[in-house]
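The primary structure of each chain is shown beneath.
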Amino acid sequence: DSASADDSESAKTKKKVVHYSVNACLMPVLAADGCHVTTVEGLGSVNGGGSSENDGLHPIQKAMVDLHGSQCGFCTPGIIVAIYSLFANNSSTDYIEEHLDGNLCRCTGYRPIWDAARSLCTDTNGGGDDGDIIKGPCGTPCRECPERESCEMDCNTLDKDKEQEEKEKSVVTSSSSSTSTSTCCTSSSSDKIIEYKTKNDKVRSTKWLEMPNEMFPHELMSPPTDPLIVVDRTYHKAGTWFKPTTLNELLMLLKEFSGECKIVVGNTEVGIETKFKHSVYPRIISPSQSITSLFSFSTSGSGLTIGSCVPLSTIQHECGELAHGPSNDFDRVVKPIHDMLRWFASTQIRNVACLGGNLATASPISDMNPMLACLNATLTIASCTSGDDDDGSVRKIFCLNSCGATNGAIKIERRAVAVSDFFLAYRKVDLKPSELVESINIPKPKPVFEYVFPFKQAKRREDDISIVTSGMRIVVKPSQGKFVIEEVSIAFGGMAPRTIMAKETEKFLAGKSFCKDTFVSGRSVMLEEMNLPDDVPGGQAQFRKALACSFLYKLYLLTAQAIKEDLDSIEKNPSLFASTKNEALPPAPIIDETELSASESFIGQKKPSVKGTQTYPLIKAAVGAESKHDAAVQKGVGNKGAGGVGKPSTHASGPLHCTGEALYTDDIPMPPGALHASLILATTCNSELLSIDTTVAMKTPGVVSIYTHEDVSKLGGDNTLGFAPIGHDEYVFLPKGETVGFVGQALGICIAESLESSEAAARSVHVTYGESKGKPIVSIEDAIEASSFYDFAKHTMERSKPIDVKTGDEIVEVTGSFRCGGQEHFYLETNSTLVVPSESATNLTIYTSTQAVNKTHTYCAAATNTPASKVVVRMKRMGGGFGGKETRSVPASCAVAIAAKLSNQPVKLTLSRDVDMTLTGGRHAFLAKYEASAVVKKGSNSVKLRSLKVELFNNGGYAADLSGPVMDRALFHLDNCYYWPEFHAVGLPCKTAQAPHTAFRGFGGPQGLATCEHIMDHLAIKCGVSPLEIRRDNMYQSSEATPFGMIMNESTSGKWNVPTMWDKLCDELNISSKREEIEKFNAKNKLVKRGMALTPTKFGIAFTAKFMNQGGALVHLYTDGTVLVSHGGTEMGQGLHTKVCQVAAQAFGIPLSDVYVNDTSSDKVANSIPTAASMSTDMYGMATLDACRQILKRIGPIREKLSPDAPLSEVATKAFYERIDLSAHGFFALDDSRCGYDWGLPKPKGFSRSKPDNSWKGQPFNYFTQGVAYSEVEIDVLTGNHKTIRSDVLVDVGCSINPALDIGQIEGAFIQGMGWCTLEEMIYGDKHHSWVRPAGRTFTTGPGTYKIPAFNDVPETFNVSLMDNVDNPFAVHSSKAVGEPPFFLGCSVFFALKDAIKAARLEKGIEDSFELRMPATSERIRMACLDDIAVDCITSNEEKESDRLIVAKAYQPKGSH
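Below: a short report on this structure. (Residues numbered from 1 in each chain as written. Predicted model: local features only at pLDDT ≥ 70, side-chain atom pairs only at ≥ 80, totals over all residues. Heavy atoms only, no water.)

Points about the nonpolar core
Where we set the bar: For our purposes a nonpolar core is just a set of buried Ala, Val, Leu, Ile, Met, Phe, Trp, Tyr and Cys residues, chained together by side-chain atoms within 4.5 Å. We call a residue buried when its accessible area falls under 20% of the maximum for its residue type, exposed when it is over 50%, and partly exposed in between, using a 1.4 Å probe and counting protein chains only. Elements are defined by DSSP. Helices are runs of H or I of four residues or more, strands are runs of E of two residues or more, and each kind is numbered from the N terminus. In this description, contact between two residues means that some pair of their heavy atoms is separated by no more than 4.5 Å.
By size, the foremost hydrophobic cluster in this structure holds 211 residues, and its most contacted members are Phe492, Phe514 and Trp980. Take this core: its biggest share by element is 18 residues, from helix H21 (residues 541-572). Contact partners of Trp980, with chain neighbours within four places excluded, come to Arg799, Ala932, Leu945, Ser947, Leu948, Asp975, Cys1012, Ile1015, Met1016 and Leu1019. Counting residues in each nonpolar core, the second largest holds 55 residues, with Met1108, Ile1198, Ile1220 and Leu1230 among its members.

Details of unusual backbone geometry
Across the junction of Arg1333 and Pro1334, the peptide omega takes the value -5 degrees, indicating a cis bond. Turning to its location among the elements, Pro1334 is positioned in the loop between helix H37 (1299-1318) and strand S46 (1357-1362). The omega torsion across Met1414 and Pro1415 is 0 degrees, close enough to zero to call that bond cis. Note on placement: Pro1415 falls in the loop between helix H38 (1388-1402) and helix H39 (1418-1424).

Details of the packing of H37 against H38
Test applied: Axes here mean lines fitted to C-alpha atoms, for a helix over just the part in contact, with angles spanning 0 to 180 degrees between N-to-C directions. An angle below 35 degrees is read as roughly parallel, one above 145 as roughly antiparallel, one from 65 to 115 as roughly perpendicular, and any other as oblique. The classification used treats Ala, Val, Leu, Ile, Met, Phe, Trp, Tyr, Cys and Pro as nonpolar, Asp, Glu, Lys and Arg as charged, and all other residues, Gly among them, as polar.
Axis separation between H37 and H38 bottoms out at 8 Å; the angle between their running directions is 45 degrees. Relative to H38, H37 is oriented oblique. Within the contact between the two elements, H37 uses Phe1310, Met1314, Cys1317 and Thr1318 and H38 uses Ser1388, Val1389, Phe1390 and Leu1393. Of the residues contributing to the contact of H37 with H38, the split by class is 6 nonpolar, 2 polar and no charged.

Some remarks on the sheet that holds strand S40 (residues 1123-1127)
Applicable threshold: At least two DSSP bridges between two strands are required for those strands to pair.
Sheet architecture is open: 4 strands sit in the order S41-S40-S39-S43, paired in mixed fashion. Bordering the open sheet on either side are strand S41 (1155-1157) and strand S43 (1223-1229), each of which pairs with just one other strand. Each strand axis lies, on average, 25 degrees off the axis of its neighbour in the sheet, ignoring direction. Alignment of strand S39 (residues 1110-1117) against S40, held across 5 bridges, turns out to be antiparallel. In the sheet register, Ala1113 faces S40, and the bridge partner there is His1127. Packed on one face of the sheet, helix H35 (residues 1176-1201) meets S39, S40 and S43 and runs near 140 degrees to S43.

Here's the deal with the environment of Leu1445
For Leu1445, the location among the structural elements is in helix H41 (residues 1441-1450). On the basis of relative accessibility, which here comes to 36%, the residue Leu1445 falls in the partly exposed class. The sequence separation of Leu1445 and Leu1426 amounts to 19 residues, and the corresponding C-alpha distance is 8.3 Å. If we skip the residues at most four places from it in the chain, Leu1445 touches Ile1406 and Val1431.

Some points on the pattern of salt bridges
The following threshold applies: Take a side-chain nitrogen of Lys or Arg and a carboxyl oxygen of Asp or Glu: if they are within 4 Å of each other, that pair is a salt bridge.
Counting across every chain of the model gives 62 salt bridges. Two residues, Asp329 and Lys444, come together in a salt bridge whose shortest N-O distance is 3.8 Å. Of the two residues, Asp329 is situated in the loop between helix H12 (312-323) and helix H13 (331-342) and Lys444 in the loop between strand S16 (436-443) and strand S17 (450-458); the sequence distance between them amounts to 115 residues. Note on Asp329: relative accessible area 34%, which makes it partly exposed. Its salt-bridge partner being Asp566, residue Arg332 comes within 2.5 Å of it at the nearest N-O pair. Of the two residues, Arg332 is situated in helix H13 and Asp566 in helix H21; the sequence distance between them amounts to 234 residues. For Asp566, a relative accessible area of 5% puts it in the buried group. What emerges from the salt-bridge pattern is a single network uniting Asp94, Glu97, Arg111, Asp115, Arg118, Lys606 and Glu1307.

Details of the packing of aromatic side chains
The line we're drawing: For Phe, Tyr and Trp, where Trp contributes only its six-membered ring, two rings pair if their centres lie within 6.5 Å, and the inter-plane angle classes them as stacked under 30 degrees, edge-to-face over 60, or tilted in between. Two thresholds decide whether a charge sits over a ring: the Lys NZ or Arg CZ must be within 6 Å of the ring centre and within 35 degrees of the ring normal.
The full count for this structure, using the stated rule, is 37 aromatic pairs. Look at Phe1247 and Trp1256: their rings are 5.2 Å apart centre to centre, the planes differ by 75 degrees, and that puts the pair in the edge-to-face class. The residues Phe1247 and Trp1256 share a single accessibility class, namely buried. Among the aromatic residues, ring-to-ring pairing joins Phe972, Phe1044, Tyr1237, Trp1239, Phe1261 and Phe1264 into one connected group. In this arrangement the basic side chain of Lys885 is found over the ring face of Tyr827, its NZ or CZ atom lying 4.5 Å from the centre. For the cation-ring pair, Arg1234 lies above Phe1370, with the distance from its terminal atom to the ring centre recorded as 3.7 Å.

Some details on the packing of helix H34 (residues 1136-1148) against H35
Rule in force here: Helix crossings get a hand from a simple test, with the near helix turned counterclockwise from the far one by less than a right angle marking a left-handed crossing and a clockwise turn marking a right-handed one.
Running from N to C, H34 and H35 point in directions that differ by 30 degrees, and their axes come no closer than 9 Å. The orientation of H34 relative to H35 falls into the category roughly parallel. The way H34 lies across H35 gives a crossing that is right-handed. Between H34, through Leu1136, Lys1139, Val1140, Val1143, Ala1144, Ala1147 and Phe1148, and H35, the contact on the second element is made entirely by Ser1176, Thr1177, Tyr1180, Gly1181, Thr1184, Leu1185, Cys1188, Ile1191 and Leu1192. Looking at the contact of H34 with H35 residue by residue, the class counts come to 11 nonpolar, 4 polar and 1 charged.

A word on the state of the cysteines
Throughout this description, disulfide means a covalent bond between two cysteine sulfur atoms. Heads up, the condition is: Cysteine sulfur atoms that come within 2.5 Å of each other are treated as a disulfide pair.
If you walk through the whole model with that rule in mind, you get 0 disulfides. Left without a disulfide partner, Cys685 is nearest to the cysteine sulfur of Cys990, which lies 16 Å away. Cys685 sits in the buried class, given a relative accessible area of 5%.

Written out as structure tokens, the structure reads:
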């Protein structure tokens, strides 16, 4: 889903090379005939034959490294190739910002990638801010002028002053006391881009832009003209590939193989069918571009003709050119086509997909089919006939061409079909098997008073299929002093099993006066015509109806504005409209000014230019927890300033990421005899597994063996797994006789000589199930009803510190519920394991993508009945993890280890995306039921929190996994940053028929924090105070204690900074002014609303299980002065290895480049703890420092004998000859008093009342990482579409070891958190989604159905600052953990959306609180606004007018929780 390749081909007509990026996973190799293919390997390499590490990097690769555009690196090659392809065509900023889409990144938050791409643009607007760049009359930016110092022109003088001001601003002094100051470094996107372009010679020269053309082979300037035929005669039998070069050949092939072939142009549909539906097509026909009628785009006096195979990107480009050309004959049709195509799929898809395929596949949610239908477009459909003496054979067809002969007997027949009549039923069209859509013909529009508009709404704007899409065309005419609707054409996708016309609505509108009342009345007709049942496939019935009606109202608004523009044009040029009666034209329709903004849409708007500023304290290497550990060794530390702590160093693997040379598990070369594996998965749940028949599967060519639970027993291995305190509650392979726990549960594994064979065999295994044991328990509500819980994990947290309520004070109480959905990890690298047996399979080496090397080691050893000492687990790097590879990677690794052990051959299993998402679970969905109260103080009206009572439930899935600890952390964070005197919370995980849910960034903390923030909003509304005021007034004060007994003071939890950070952000942003601006905007705009939110967080750092707070490291000092570090943590993109290297470099006083971490391996650091809980730098940084100090202590006497300037290599060599050990194992364990919490520990007798409640149970956290975020959003009331205008994030990470990496983690976590609460919706086959079959199945199993944030979803202004003057004595070098804490700050977008929805509801006089469930999808936003359209669609079956609003307010869009 993110890999790209650049295809270059010669454009026949213009004789120039055209470059376009394609999806490597969809592009058939044979379709590249005549193309020059460039992958990331063709751009540059780390070595490159140069003398330095980066000499061989392409400028794009180097920019991505230097500007921190890579974290895990798995998506990076694809993104770089996509950028390379764009620059090959156009190097302007506007072009890059418009077309950079289609690739996904789960780590970075995209901002640094945007910066890297824009830094290479050749126009001067590299930062996206025209106003920031001053130019002279010469056109050269003053700061780039070679005569900068001598030029005395006003522009240069002004810019010098501006530059000086910027320098002064970039040094910010902030202090909380008069005796200490801390200087901050500030860098904006435009600063970085300009500086990078100035300093980088390669970028400045722009010679690299010619590389794509220079690489293009001269031989391909004349593409192949002969037809191509390729037959697959392997046992895969993939079929025959035909590439005809003439229309005659193509039509004859269709006739010859009528109904038994598929035409492929972009492979965007057939590729999906073969991959996921396992369709087999014996013949594939790929038309050559030499067939002119299929690949032409032309205009004529009657209209526009588009060949059916013209790539969509070409159509988009040509329509854009026509729309902005000198003639405006076609702009009324080409502009809506262009605008709709901008958001159709992605650039990579548009580069290969075509309209013909779009029409023939007849998707009911196609964007372009409704557009063409409303335009009255017709299709030219071609077929051929031949004489009786012509056998029409394939041999004859291709022989005729090769001989240069023609077949005179072939006759081409053509017929015309209206697009509106082309779609007959679901996926059925008026096209015979022997026919071909040759071209699309669009009539020329009228010069005035005819208008066409595109509409669509999807889960995500970019690269997504529509929920509802529409093309609407309207023609008006003047009549008797007003405008009348002469003709209207309305087509929809997403409202039926096929593209349909709203014929009844069209009839109603035709002939009526063009006014608001007409369209309001038309809405009733449309609601009746477009009525959908609640259980409609795809769901969202009410939302889809609301969108259809909303689009109709937008048609009214857009047309009214367009009429005014036409009237203005006619006034300037009367010849545009000739009245037959010489009557004066009516005035333009009058529309409500407050509704005008609703006519705007993202479809036609310029894509945002993402920018931001990053601020961090001046570099320093501070002393933290290490001062308490072996302080006597500190004098042996060889730091001479060469170390790396505090520096914003780039990711250690950055160059390898950007060249594609970084090896991930699936990249490891397969050893000789290696086999491929596929899992056998259950297709139902809640039924007994009766039998597994492998007879047919074993006959599949290439299959070696199939293993199930019976084979594990024969091996003597342990087939059980378990990651919860109750022990083993799941299996590697489900045994016969057991009940299937969830759809997709592993039943066995198939190994074969090829991946295709193993997959085919796994699918052909025949599994017999018993009768269903009843309706599966899928949701939290199902579990509560059935009392299906993990009772062992039920925990309660309570304290009672009643506050004084004085006479006149008012106690305000609220009750309610809050739900937040689950989340898929969507790491770009799916789970992958390679197991290599040796010594007759008595030893196993396991290469795997996991966060938990030790768990993998332990369970694989047990499953294969192999001593742990003979199993080695190695983990080089992961392409993302986020908690998803802490436990859920282990079952797959065990399955592969069993197969390798039994076969005594290397075996590799890499899960496909859909299987990974089906098997591995995700973030837990939560349900909270609460009661809360506050006291409104008499006179002052200030509000103080009084009590909080919450029942928390989470959806744990079929096995307990980590659901208990996740619930515990939710309880620990339920208070957020506020003091609740009376607190009572109960947490209970639910057992359901979903895949076991597991760790995910934040580990339950975000769910608890979100619940608290929802309750705070509820109380604010009920108390009649500002949401900001109630939050600030109730934040913890120093010495107050949390409900679990941690005191907020420097000695216990670290300095409490949230109130200071809150005030700082409020002052810097002038929050009161921003609130006024938003209220003014909302007063002027009825159907577009803005909202804001300021959200704080405190996140506890430590494993709550005490034993896990430990880590080890092994350090080797070599005689050349370089250092190798091995530690128990794993690298998944967070930069852990880089930070550990910085710690070691600081300790030895050597350059960072002299320290290296190879991999994480169980034979180097045994019994390691999973890389989780944001604890890894704290643990492994300290463990590494411990090992370094041991070595330094040993070589201390040697150093004293040598010159003070002696390099480390000299010291190490001398020590070696004196037989001093230059290796050390370091270890760190968090102090007992600073970790561990025993939920069941009773209160000791005589426990001091002065101590906080529950403090006798322990201290769960070492300290808190703290932060505050402000977000400002805008919503479209009519569609639910939203954008984040800006986000400002301030985080306390102590003294950062690497501020660049920390800022990257903050940005990535923020965007991931934003995705969780806005876009990312998990859907299961539950009672709310009965159209998902079988019951319990995960519906969202890939990028087609599950949407993570994309390039254009980032806040348009995204500023991140690290708090200064915030030392942390409890962690290495005074740093703080950063991986998880900022995640929740992304929810500031959610609460800002809620604020905007509140403003929309106020238009209807609705002021009361409401539950906006997470995620705030476009559906939830739109339906919560409760405008007239929403109410009509929600209550369409309600009879009583008085009940309509009550019903609407109680309505909740369906969701899986």
